[in-house]
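A look at the structure
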Amino acid sequence: MGSQHKLFGVEHMNVNGPVNIALVDFETTGLDPKKDTIIDGAVILCEYKIVEDKTYEGPVTAGEPIEHYTSRNDPGFPIPQSITELTNIKDSDVKGQSFNWSKFWQIADHAQIIVAHNMQFDSSFMQGLNEARRQRLGCSLKMINWNAAGLTCKKLSHLAQDLKIDVNVKTLHGAMADAQLLMYMLGCKLKGRYLWQTIVDAKSTNWMICKAIGAAFDKKDFLKANGFEWNAADKYW
């Protein structure tokens, strides 16, 4: 399943752009990809680059949307009430609809980086995620040092408000709305650096994943303070 388009590589990215980034988001019936499924999904392909704008004192960032796809998806079972309260998505909204993964990858495969705000979660629900695609994944939650900027609440809606993005919080928790918000957020500047550039920098750096398997319960505060997160599906930090 998926597009036959050539995958764009990360090795030739220029930190000043242009660089194609796919912004993705999924709403699901729950947190466990083994038993839950998506009910709403979206992808936006956007080109980011630094441009000169004579009306400002210095360069400004330009994020130009190229293509997008969004669709609801019928999970085949009732959406939990707690999820409807969170997303405002009801059974009648998804009845008979199907998310087209081929269309999703046709767009995402043209990106050098595929970014979600919590990629560990979103990628666990992606169908057709092979190794080549996995290498292009990026996470705005993990790859941007929000704490260093004094932004301790890392929810997308809170970050948008802190970054002075004009947003109606009531419209959030829809996949397309969140993907659009992420697109605008990466065009913002933090500590003298555009956030999309921070993602490019991070993808150009070698990363090591550390797992605290079997860690004692009383170590959870220490692990959280040092950047670990609980993997509910596989039961480890």
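Heads up: these notes are all about the structure in this document.

**A look at the overall build of the protein**
A tally of helices and strands in the protein yields 9 helices and 7 strands. For the protein, with 237 residues in total, the buried portion stands at 43%. Considering only contacts within the protein whose residues lie at least 6 apart along the sequence, 65% involve residues at least 24 apart. With the model as given, the accessible surface of the protein reaches about 13300 Å², and the carbon-plus-sulfur share is 50%.

**Describing the nonpolar core**
Of all hydrophobic cores here, the largest spans 34 residues; its most connected members are Ile21, Leu23, Tyr48, Trp146, Met185, Leu186 and Leu195. Among the elements that take part in this core, helix H7 (residues 175-186) stands out by supplying 8 residues, more than any other. Excluding its chain neighbours within four sequence positions, the residues that come into contact with Leu195 are Ile144, Trp146, Leu163, Met185, Leu186, Cys188 and Leu190. Counting residues in each nonpolar core, the second largest holds 23 residues, with Val24, Phe26, Leu45 and Ile107 among its members.

**Some details on the pairing of strand S1 (residues 19-28)**
Taking burial as the measure, the 10 residues of S1 include 10 buried ones, the bulk of the element. Side chains of S1 alternate between two faces, with Val19, Ile21, Leu23, Asp25 and Glu27 and Asn20, Ala22, Val24, Phe26 and Thr28 buried alike. Bridging between S1 and strand S4 (residues 113-116) involves 3 bridges; their strand directions are parallel. Among the inter-strand pairings, Ile21 is bridged to a residue of S4, identified as Ile113.

**Focus on the packing of aromatic side chains**
A complete count under the given rule lists 10 aromatic pairs for this structure. Ring centres of Trp101 and Phe104 lie 5.3 Å apart, and the angle between their planes is 75 degrees; on these two criteria the pair is classed as edge-to-face. With a gap of 3 residues between them, Trp101 and Phe104 both fall in helix H3 (residues 101-108), about one helical turn apart. In this pair, the class of Trp101 matches that of Phe104, namely buried. Here the aromatic rings of Phe121 and Phe125 are separated by 5.1 Å at their centres, their planes lie at 55 degrees, and the arrangement is tilted. Here the aromatic cluster, defined as three or more aromatic residues joined through ring pairs, consists of Phe26, Tyr69, Phe99, Trp101, Phe104 and Trp105. In this arrangement the basic side chain of Arg133 is found over the ring face of Trp105, its NZ or CZ atom lying 4.2 Å from the centre.

**Quick look at the pattern of salt bridges**
Tallied over the full model, the rule gives 6 salt bridges. A salt bridge links Arg133 to Asp109; the nearest nitrogen and oxygen atoms lie 2.8 Å apart. A residue pair is termed long-range when its members are at least 10 positions apart, and Arg133 in helix H5 (residues 131-134) and Asp109 in the loop between H3 and S4 qualify at 24 residues. For the residue pair Arg133 and Asp109, the accessibility class agrees, reading buried in each case. Notably, a salt bridge pairs Asp221 with Lys220, separated by 3.3 Å at the nearest N-O pair.

**Side note on the side chain of Thr87**
Tracing the backbone shows Thr87 in helix H1 (residues 81-87). At 2.8 Å, the side chain of Thr87 and the backbone oxygen of Ile83 are in polar contact. Within polar-contact distance, the side chain of Thr87 engages the backbone nitrogen of Ile89 at 3.1 Å.

Calculation criteria
- Residues numbered from 1 in each chain as written.
- Predicted model: local features only at pLDDT ≥ 70, side-chain atom pairs only at ≥ 80, totals over all residues.
- Heavy atoms only, no water.
- Helix = DSSP H or I, 4+ residues; strand = E, 2+ residues; numbered from the N terminus.
- Buried < 20%, exposed > 50% of the residue type's maximum accessible area, 1.4 Å probe, protein only.
- Contact = heavy atoms within 4.5 Å.
- Areas by Shrake-Rupley, 256 points an atom, 1.4 Å probe, with all protein chains shown as cover.
- Core = buried A, V, L, I, M, F, W, Y, C linked by side-chain atoms within 4.5 Å.
- Pairing = 2+ DSSP bridges.
- Phe/Tyr/Trp six-rings, centres within 6.5 Å; stacked < 30°, edge-to-face > 60°.
- Lys NZ or Arg CZ within 6 Å of the ring centre and 35° of its normal.
- Salt bridge = Lys/Arg side-chain N within 4 Å of Asp/Glu carboxyl O.
- Polar contact = N/O pair within 3.5 Å; in protein donor to acceptor, adjacent residues only side chain to side chain.

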